[in-house]
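# Structural description and commentary
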Amino acid sequence: MVSIQGVAGQKAMLPCNIQPRESNDAVSMVLWFKEDSGEPLFSYDARSPQFGKAKQWSAPHFWGNRASFRASLPAQLTVQDLQESDEGVYRCRVDFRNSPTRNFKVNLTVIVPPAKPIIYDAKRRDMSKLLEAYPEGADLFLVCEVHGGKPRPQVSWYLESQNIHASTEVRETQGLGGETNVVTISNVTVKALTRRHHHAKLSCRANNTQLASPPTTAVIIELNMKPLKVEILEKDQILSAGKRYEVRCQSTGSKPPAVLTWWKSSKQLKGQRKSDGMSLLQFTPTVEDEGKFLVCRAENPKLSEAGIEDRWKLKVHFAPIASLKMGSTLNPKDIKEGSDVYFECNVRANPRSYKLTWFHEGEELHHNVTAGVVLSDHSLVLQSITRESAGGYTCMAANVEGRAKSNAVNLEVMFAPVCKHVLNSGVGWRHQNATPPPFNMPEEVHGALKHETISLVCEVEASPTTVTFHWTFNSSGDLNDVPSNKYTSEGTISRLNYTPLTDMDYGILGCWASNAVGHSKQPCLYQVIAAGRPYPLQNCTTYNLNGSWVRISCVEGYDGGLPQKFVAIVGNRRLESSSPYWEFQLLKPAKVALYAVNAKGSSEPYAIEVALKGVAKFTGESTSSVDMSPILIGLGGTATGLGLIVTGVLMALWRRHAATPTKPKPPPQQPSIATFAGKGEEEDGNPDLIPTTALTNHLTDRKLPRYGSLPRRPRQLEGREMSHDVLEDSDYPRASPNVSNPISSEAVVPQKDKDQSSYRRQSKGDEKMLLNARKKYCAS
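Keep in mind the model is a prediction, meaning the values are calculated, not measured.

### Thoughts on the overall build of the protein
Helices and strands together make up the secondary structure of the protein, namely five helices and 54 strands. Relative to its 780 residues, the protein shows a buried fraction of 39%. The long-range fraction of contacts in the protein, counting pairs at least 24 apart against all pairs at least 6 apart in sequence, stands at 66%. For the protein, the accessible area works out to roughly 45,300 Å², and carbon and sulfur atoms hold 52% of it.

Pasting the structure below:
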């Protein structure tokens, strides 16, 4: 007996020995029987004369056309599409022509392969129909079920080509037809899935024979993998506040691709996704970003807890931010003169500021210990401050990014009242059409006539501004208080209406003030003097300077006891001067009104008529040429003779004038308006010359009253008036004598000196002779 195996569904070859014992013998017939069955299942009939034409027969109810016999050695019966029912012991009977019949037994075993394995997950889902991705690091649990198989199959797991140990169990179930179904179950667990498991093939095999390939089912492992790396590119740069930057972040190793997000502190920023694993952030850093972290976070959307991040500590450069405050130990509302004050400047800058500058009311402060200004690091110390130290203080810091000023801190300095000088507005003066307005003067000097009420305004500067006033009067060394009902007070201003009645009421009034800090160290003084309007100008003289320019000079009268100025009104023009002296341009004759003005009003006008006079002159050259005739020669000789006569007359006049004795000059210290004319005018005998004695008598004969004398000018007005000494300066511009075009005043000046009178008459006669001679010369 020969044992063979066959796999159901495949073919099986049953051997049969048909080799005759003798060479001259041959096979006549081959019959196949199953076990002890007396009926053949298959026959091979070679009894036909033509051996190659043997007949084959197969029982239709058993093998049918599935069986075929091959008589060539080794002879065998081939059964196609082997079935489980084909299993059994077969007998091959061989009939020879000459030899005895031979029987040959074959034991056929039919192996039934198992069904294709089915792989389930823990939720009993068929993995062949489901694409499932597992988280990286998770455990993979699968179940492989194999139905049927004879003999019982061996179920095994393979990861790629590596066998994995797995537990196996066999279960039997009853089918619907009462048949018994055998199921082989194998469970496998792959712990801690790693990246090497991604796309790996995990297969389940059911093997029960070596004759056929075992049925196999495989699944491809898919993983969701966390990002391996995330990096902010170019994060080593230094940023400047307010400047726009583009920052990139890149991530690798994530499946599916990671989602990149930007964060600053706990606030998420909006970035742009450029491609898989790349994000772009447009970022403008601020001052507050210095030292903060800019974070790029990479997260797998399937793995919420598997994010990684890259952090960038920002280095932001910015211009200084300065904050100024007064010293913490100081009370800003209780700072007095003489106190020490300090300020602290807090500077925030990156990089560090290299310069710190202090300012008071916009002016830079410098380190000056003598002046009480001490600068150290980030503080300013002011020692022994005064009220001038009050005002706004700022500090300014600078670094390579720029410079910036701090907030202004106002320093209020409390101080006792001090006088505030205000000019008198001239209240009560009634303007006249032809009279110029009065001359403003400082409040220190006030002129008043008896029974005239003047208003004195006392204004002080003080901090705090709650001020108490009281007035005093000083006359001849006696100091008396002014009754409080005589004056009013409002804020930092006090008003006193004062009326002198007698000579003893002229003197000095003092305004005293006090506040919470203390009393005023010095009072505001007001000198009340007897004063009135100034006297009119005298002895005004006009001079021709050059062309249409005119100069007028006068002698000032009594100033009324107050400083005065001088005004000339020419048509619509008003010309003011600190001295009785004017120079202006005049195109046609005009009447000029001259005034002296002080705080009490103006003097009576001095009217003077200014008339321009001139002599025509022949100018130019003749361009015609004619032949000299005897008549013309005679006319030329006559003209030459007349010219010689005129020359002789002029020489005689010159000798006569040189023989006249010169007038002695006045002493230098004696004031004289004649200095306006200059030496040339005096020698030429200008008829408008005013004798020195006239001015001298005018200044020396008048006696001033006690309170009408000229007071000392206040400092505000010093240098504003031009004194006689200035006018007598040799550098002062002088008028040049102009004989041909004189300008004369209509005012008649009396002459006391007989010699001067005869001298002037003689000079006028000489001028008349000279004029006649010129006329004759021109006529010829």
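### Quick look at the packing of aromatic side chains
Under the defined criterion, the tally for this structure stands at nine aromatic pairs. Seen from their ring centres, phenylalanine 343 and tyrosine 393 are 4.8 Å apart, and the 25 degrees between their planes marks the pair as stacked. In this pair, phenylalanine 343 is assigned in strand β30 (residues 341-350) and tyrosine 393 in strand β35 (residues 391-399), connecting sequence segments 50 residues apart. Residue class for tyrosine 393 comes out buried when judged on its relative accessible area of 3%. Pairing tyrosine 535 with tyrosine 558 gives two aromatic rings, centres 5.2 Å apart and planes at 85 degrees, and the pair type is edge-to-face. With tyrosine 535 in the loop between β46 (524-529) and β47 (538-546) and tyrosine 558 in the loop between β48 (549-555) and β49 (565-570), the pair connects residues that are 23 residues apart, well separated along the chain. Each member of the aromatic cluster is reached from another via a ring pair, and the members are Phe62, Trp63 and Tyr90. In this structure, arginine 205 is placed above the aromatic ring of tyrosine 158, and the distance from its NZ or CZ to the ring centre is 3.9 Å.

### A few points about the sheet that holds strand β8 (residues 88-96)
Strand order in the open sheet formed by six strands is β1-β9-β8-β3-β4-β5, and the pairing between neighbours is mixed. In this open sheet, the two edge strands, each paired with only one partner strand, are β1 (2-7) and β5 (55-58). Ignoring which end each strand starts from, the neighbouring axes of this sheet average 15 degrees apart. Pairing analysis gives four bridges linking strand β3 (residues 27-34) to strand β4 (residues 42-45), with the strands arranged antiparallel. Along β4, the bridge assignment pairs tryptophan 32 with phenylalanine 42.

### Examining the sheet that holds strand β16 (residues 180-190)
Taken in spatial order, the four strands make up an open sheet running β10-β12-β16-β15, and their pairing is antiparallel. A strand with exactly one partner marks an edge of an open sheet, and here the two such strands are β10 (118-121) and β15 (167-174). Strand after strand, the sheet turns through a mean of 25 degrees between neighbouring axes, direction not considered. Pairing of β10 with strand β12 (residues 140-147), which is carried by four bridges, proceeds in the antiparallel orientation. Paired with tyrosine 120 across the strands is valine 143, a residue of β12.

### Thoughts on the pairing of strand β17 (residues 201-207)
Of the strand pairs in this sheet, strand β13 (residues 154-159) and β17 are connected by six bridges, and their pairing is antiparallel. Bridge pairing in β17 links serine 156 to arginine 205. Relative to strand β18 (residues 216-220), β17 is paired through five bridges, and the arrangement is antiparallel. What sits directly across from cysteine 204, in β18, is threonine 217.

### Observations concerning the environment of phenylalanine 566
Checked against the element boundaries, phenylalanine 566 lands in strand β49. Residue classification places phenylalanine 566 among the buried positions, given a relative accessible area of 1%. The spatial distance from the C-alpha of phenylalanine 566 to the C-alpha of glutamate 556 is 8.8 Å, given a sequence separation of ten residues. If we ignore the near neighbours within four places in the chain, the residues touching phenylalanine 566 are Leu537, Glu556, Leu575, Glu576, Ser577, Ser578, Ser579, Pro580, Trp582, Tyr595 and Ala596.

### Brief notes about the pairing of strand β26 (residues 278-283)
Burial analysis of β26 places five of its six residues in the buried class, the great majority of the element. Of the strand pairs in this sheet, strand β22 (residues 245-252) and β26 are connected by six bridges, and their pairing is antiparallel. What sits directly across from glutamate 246, in β26, is glutamine 282. For strand β25 (residues 272-275) and β26, the ladder comprises three bridges, and the chain directions are antiparallel. Bridge pairing in β26 links glutamine 272 to leucine 280.

### Description of the nonpolar core
With 27 residues, the main nonpolar core has Leu14, Val30, Trp32, Trp63, Phe69 and Leu77 as its most contacted residues. Of all the secondary-structure elements, those providing two or more residues to this core are β2 (12-15), β3, β4, β6 (67-70), β7 (76-79), β8 and β9 (102-111). If one sorts the elements of this core by residue count, β8 sits on top with four residues. Setting aside chain neighbours within four positions, we find leucine 77 in contact with Ala12, Met13, Leu14, Trp32, Phe42, Trp63, Ala67, Ser68 and Phe69. Core analysis: the second largest hydrophobic core is formed by 23 residues, Ile119, Met127, Val146 and Ala206 among them.

### A few points about the pattern of salt bridges
Scanning all chains against the criterion turns up 24 salt bridges. In this structure, glutamate 231 and lysine 229 form a salt bridge, with 3.7 Å as the shortest nitrogen-oxygen distance. Among the residues examined, glutamate 231 registers a relative accessible area of 33% and is labelled partly exposed. Relative accessible area serves as the criterion here: at 47%, lysine 229 is assigned to the partly exposed category. The salt bridge partner of lysine 235 is aspartate 310, with a shortest N-O separation of 2.9 Å.

### Overview of the side chain of serine 240
Residue position: serine 240 is located in strand β21 (residues 239-240). Engagement of the side chain of serine 240 in a polar contact is seen with the side chain of glutamate 401, the distance being 3.3 Å. Aside from chain neighbours lying at most four places away, what touches serine 240 is Tyr245, Pro285, Val316, His317 and Glu401.

### Regarding the state of the cysteines
Applying the stated criterion to the full structure yields seven disulfides. Between cysteine 144 and cysteine 204 runs a disulfide, and the two sulfur atoms are separated by 1.8 Å. In this structure the cystine formed by cysteine 144 and cysteine 204 twists about its S-S bond by roughly -90 degrees; its chirality is therefore left-handed. Of this pair, cysteine 144 sits in strand β12 while cysteine 204 sits in strand β17, and the two are 60 residues apart along the sequence. Assessed through its relative accessible area of 0%, cysteine 144 is described here as buried. Each sulfur of the disulfide joining cysteine 458 and cysteine 511 lies 2.1 Å from the other. Between cysteine 458 and cysteine 511 the sulfur-sulfur dihedral comes to about -90 degrees; the bridge is accordingly left-handed. Of this pair, cysteine 458 sits in strand β40 (residues 454-463) while cysteine 511 sits in strand β45 (residues 507-514), and the two are 53 residues apart along the sequence. With relative accessibility at 2%, the residue cysteine 511 sits in the buried group.

### As for the environment of arginine 91
Summarising the element assignment, arginine 91 is placed in strand β8. Along the primary structure arginine 91 and serine 37 are separated by 54 residues, whereas in three dimensions their C-alpha atoms are 9.5 Å apart. Ignoring any residue separated from it by four or fewer positions in sequence, one finds arginine 91 in contact with Leu31, Trp32, Phe33, Glu35, Ser37, Asn103, Phe104 and Lys105. Within polar-contact distance, the side chain of arginine 91 engages the side chain of asparagine 103 at 2.8 Å.

### Focus: the confidence of the model for the protein
As a general rule, the predicted coordinates of low-pLDDT regions are not to be interpreted in detail. Overall, the predicted model of the protein reaches an average pLDDT of 78, with 76% of residues at or above 70. Across residues 422-435, where pLDDT falls below 50, the model places 24 contacts with residues more than four positions away in sequence or in other chains. When the criterion is pLDDT under 50, residues 437-442 qualifies, and its contacts beyond four places in sequence or with other chains add up to 32 contacts.

How each quantity is defined
- Throughout this description, residue numbers start from 1 for each chain and increase along the sequence as written.
- Per-residue local features of the predicted model are confined to residues with pLDDT of at least 70, and side-chain atom pairs are confined, for both listing and counting, to 80 or more; whole-chain, interface and lining totals are unaffected and use all residues.
- The side-chain numbers reported here are obtained from all heavy atoms of the structure, hydrogens and water having been left aside.
- Secondary structure elements follow DSSP: runs of H or I of four or more residues count as helices, runs of E of two or more count as strands, with numbering from the N terminus.
- Per-residue accessibility, obtained with a 1.4 Å probe over protein chains only, is compared with the maximum for each type, and a residue is labelled buried under 20%, exposed over 50%, and partly exposed between these values.
- By definition in these notes, contact holds between two residues if any of their heavy atoms fall within 4.5 Å.
- Exposure was quantified through the Shrake-Rupley algorithm and a 1.4 Å probe, taking into account, for residues, occlusion by the shown protein chains and nothing else.
- Any two of the Phe, Tyr and Trp rings considered here, Trp counted by its six-membered ring, make a pair once their centres fall within 6.5 Å; the pair's planes then place it as stacked at under 30 degrees, edge-to-face at over 60, or tilted in between.
- Any Lys NZ or Arg CZ that is within 6 Å of a ring centre and within 35 degrees of that ring's normal is treated as a charge sitting over the ring.
- The pairing criterion is simple: DSSP has to find at least two bridges between the two strands.
- Here the axes come from fitting lines to C-alpha atoms, over the contacting stretch only for helices, and the angles between their N-to-C directions go from 0 to 180 degrees.
- Each nonpolar core is a collection of buried residues, namely Ala, Val, Leu, Ile, Met, Phe, Trp, Tyr and Cys, held together in the definition by side-chain atoms within 4.5 Å.
- By definition here, a salt bridge exists when the distance from a side-chain nitrogen of Lys or Arg to a carboxyl oxygen of Asp or Glu is within 4 Å.
- Any pair of nitrogen or oxygen atoms within 3.5 Å is treated as a polar contact; in protein, a donor-acceptor pairing is required on top of that, and neighbouring residues in sequence qualify only through side-chain atoms on both sides.
- Two cysteine sulfur atoms form a disulfide, by the criterion used here, when they sit within 2.5 Å.
- The pLDDT score gives, residue by residue, the confidence of the prediction method on a 0 to 100 scale.

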